[in-house]
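Read off the chains here:
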Amino acid sequence: MGRLALVLLVSTALPAGAAMAQAGASPVQVQAGLAPVLVGGADLAAMRTEGARYPMFAAELARVRKEVDAAMKAGIDVPLPKDPGGGRTHEQHKRNYMAIYSAGMLYRATGDAAYADYARRMLLEYAKLYPTLGLHPAAKNNAAGKLFWQSLNDAVWVVYSIQGYDAIRDTLSDADRKTIDDGVFRPMAKFIADDQPQVFDIIHNHATWACAAVGMTGYVLRDPVMVEKALKGTDRSGKVGFLKQIDQLFSPDGYYAEGPYYQRYALQPFVVFAHAIEENEPQRKIFQYRDGVLTKAVKAAVQLTYDGYFFPFNDALLEKSLKTDELYQSIAIAYGASKDPSLLSIARWQGRTTLTPDGLAVARDLSAGKEKPFPYASMLFRDGPDGDQGAIAVMRAGPGDDDEVVAVKNTAQGMGHGHYDKLNWILYDAGRAIVTDYGAARFLNIEAKDGGRYLKENETWAKQTVAHNTLVVNETSQFDGKVKVANTMAPKQIFFSAEGSAKISTAEMAGAWPGVTFRRSIVQVDAGKGPPLVLDLLKVNGDKPAQYDLPLHFSGHIIDAGFPLQQNLSTRPVLGKDDGYQHLWVDATGTPDATNARLTWINGERFYTWRMLPPAGTQVIIAESGANDPKFNLRREPALIQRVKSDGNTTFVGVLEPHGAYDPSAETTEGSTSRIESLRHVRTADADVVTIVLAGGRTITLAIADSAEAGLAHKAAVDGKAIAWKGHFARFDSAGAAK
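Residues numbered from 1 in each chain as written. Predicted model: local features only at pLDDT ≥ 70, side-chain atom pairs only at ≥ 80, totals over all residues. Heavy atoms only, no water.

### Comments concerning the environment of E677
- Along the polypeptide, E677 turns up in strand β24 (residues 676–683).
- Among the residues examined, E677 registers a relative accessible area of 49% and is labelled partly exposed.
- Separated by 20 residues in the primary sequence, E677 and G697 place their C-alpha atoms 8.2 Å from one another. (Helix = DSSP H or I, 4+ residues; strand = E, 2+ residues; numbered from the N terminus. Buried < 20%, exposed > 50% of the residue type's maximum accessible area, 1.4 Å probe, protein only.)

Here it is in structure tokens:
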């Protein structure tokens, strides 16, 4: 669309404001030609006339009204920026943008001019302050903000505030409107785009927020050049900008490059700006762009959770769930774009919607009983723009919140927020994290913890390979801990299947260490009673002798070890000096064999046994995080590490078994002892065969071929009996029949 056409489009988008004015819905005089452009039409007016009918929307209206009324009573406070995240001025400016946004939406939902006037007065104070500001005094890098310590937060301020401003802009006098346009939003858009191209013109979530801020401001100020910069970069070439970010940051399955936690954060500017584009330039068909990847991304974000909490891969805070403002907005907008009734069940779980026309649609259709269950499923989420940079494999025992879920991280690095943890895995069961990922070392917006920024331990521990459930070579992290190198390589997802009584993911990583290739198969196995077993088969091929460590980070209290442990009772040695090892205390060591290599712990009301088939000479280390942590920045969490000195090639075999039950009320315990009697592993010419021997002699045999070719035939001998199969994977029961 050319600039003239864009000007005509936004300048004639009058129905909502004009209709409300003609109907007497607002006690203020609205200005013709200035009706809201970010949301508009009859749906905007319907918030006032219909909102009270639908409980979820009515509850949101009451909640927002209570918050804004309290803010109005407290008075307007627009302080000179001073503090980093968590500090008083930082938090006040956050409260202010929420108040501006909320007051604007309340005005549209109620017609009460007091809310419009409150937003007006707040923005006029910013028009006085902003032109006087230099870079923030607490800035620590080249992406400094003015209102906040980093420009990302300035962009977030604009994304929220421009929506509130758009909602009231047609109520302002020409003088006030010009003061706010020229004193707040034009200079902020210039600062975000023109003055910081090093942030604006990159492919990253910071740039997404920046583009959304500038593009939405462009629509509101009727500035097509500003919109084009947002869509196509400061030079408007299309090499960067919002559209290129959609191209580069999402896979065809809707997986976001930085991982589930940052998918949550990045979704909001993507979908909010996309909604603005749809309102102003529907011919772009933005929600159909790349085969509807933005609505796919919202659904993928939901799939990448357990009991509503995001899988904590890469830089992630464990506490973040779908109950967050980004997902309230995303679910409502995605529902408005797709009318997918399964999204209504997520909104019901969230217990909230938004004070927008899309939020009204969610509440209306929930009241009408249109929701359907969200289809949580075992599925593969490919990574990379073309889906060829690895994947996250999700294997679910069922759709319930308590059903076991295995998530395997075979993705690309994910830029600066990525961790050095190729072929990592985690497990949830009975509503709890069992095999864990640390996530990020950060206390968001807690001023005492470095202003809420990422802590130095995020680099020295949380990102390092040993902090994850994957291979470590010679006590060094993958890619030597260098993100630029890591960004050039990704694992290969070789095979995935969610069919039948065993689900499997196989992936391979080459180049994480020079001369080392490792392949890992994770299999979720239905054993017939209780939650599934999980087989871990990890094979390492190295071109020279090396020390291989394989950590398993778990949550729970150790109950029993099958092998003798030499405990460090009077001293607590540290495992190493660098790459995360300096943060591990050694509590005990042991040298198990194939008959006794197991550790059992309890978490909640269930027992878990990790049974290993250790390579010859393996030492097991029981460790805990928290060493060399003078400021208590790290959580104290246990880990089991298998360590072997190898000539280069090694195979690790392990099975995680949930079992038994503990009832603290009845003071009863059942099944606290593992049902697995032994593990056996056979290597054939072209496959690995693992047999799990259960109590009573029942066996489950899992055959995993080197090739993923579907029709290729394989054979092996197990306990003197021949087995044969085609393709990458097969399961056999005690009688030898394929399952």
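### Description of empty space enclosed by the protein
- Under the defined criterion, the tally for this structure stands at four cavities of 30 Å³ or more.
- The computed volume of the largest cavity comes to approximately 170 Å³.
- Lining the largest cavity are 17 residues, with L38, V39, Q163, H275 and T356 positioned closest to its centre.
- Of the residues assigned to the lining of the largest cavity, the class counts are 10 nonpolar, four polar and three charged.
- By volume, the second largest cavity is sized at about 60 Å³.
- Its residues assigned to classes, the lining of the second largest cavity comprises three nonpolar, three polar and three charged. (1 Å grid on protein atoms, 1.4 Å probe; cavity = no way out; pocket = protein on both sides within 12 Å on 5 of 7 lines; lining within 4 Å. Points joined across faces, edges and corners; volume = space filled by probe spheres on them. Nonpolar A, V, L, I, M, F, W, Y, C, P; charged D, E, K, R; others polar.)

### Thoughts on the pairing of strand β27 (residues 713–718)
- Side chains of β27 alternate between two faces, with H714, A716 and V718 buried and A713, K715 and A717 left unburied.
- Sheet analysis places β27 next to strand β28 (residues 721–726), joined by six bridges and oriented antiparallel. Its bridge partner lying in β28, K715 is registered against A724.
- Linking two consecutive strands that pair antiparallel, namely β27 and β28, is a turn of two residues; a positive phi of about 50° is found at D719 within it. (Pairing = 2+ DSSP bridges.)

### Observations concerning the packing of helix α15 (residues 325–338) against helix α17 (residues 357–367)
- As a packed pair, α15 and α17 sit with axes 8 Å apart at the nearest point and diverge in direction by 75°. With respect to α17, the axis of α15 lies roughly perpendicular. Residue-level inspection shows A332, I333, Y335 and G336 of α15 in contact with α17, the latter providing D358, G359, A361, V362 and D365. (Axes fitted to C-alpha atoms, helices over the stretch in contact; angles between N-to-C directions. Parallel < 35°, antiparallel > 145°, perpendicular 65-115°, else oblique. Contact = heavy atoms within 4.5 Å.)

### So, the nonpolar core
- Counting residues in hydrophobic clusters, the biggest one holds 121 residues, and the most contacted among them are W157, Y165, F185 and F273.
- Among the elements that line this core, the one with the most residues is helix α13 (residues 260–280), at 12 residues.
- Residues contacting W157, with those up to four places away along its chain left out, are H93, Y97, I100, L123, Y126, L147, F148, V184, F185 and M188.
- In this structure, V406, W425, A588 and A597 belong to the second largest nonpolar core, which totals 24 residues. (Core = buried A, V, L, I, M, F, W, Y, C linked by side-chain atoms within 4.5 Å.)

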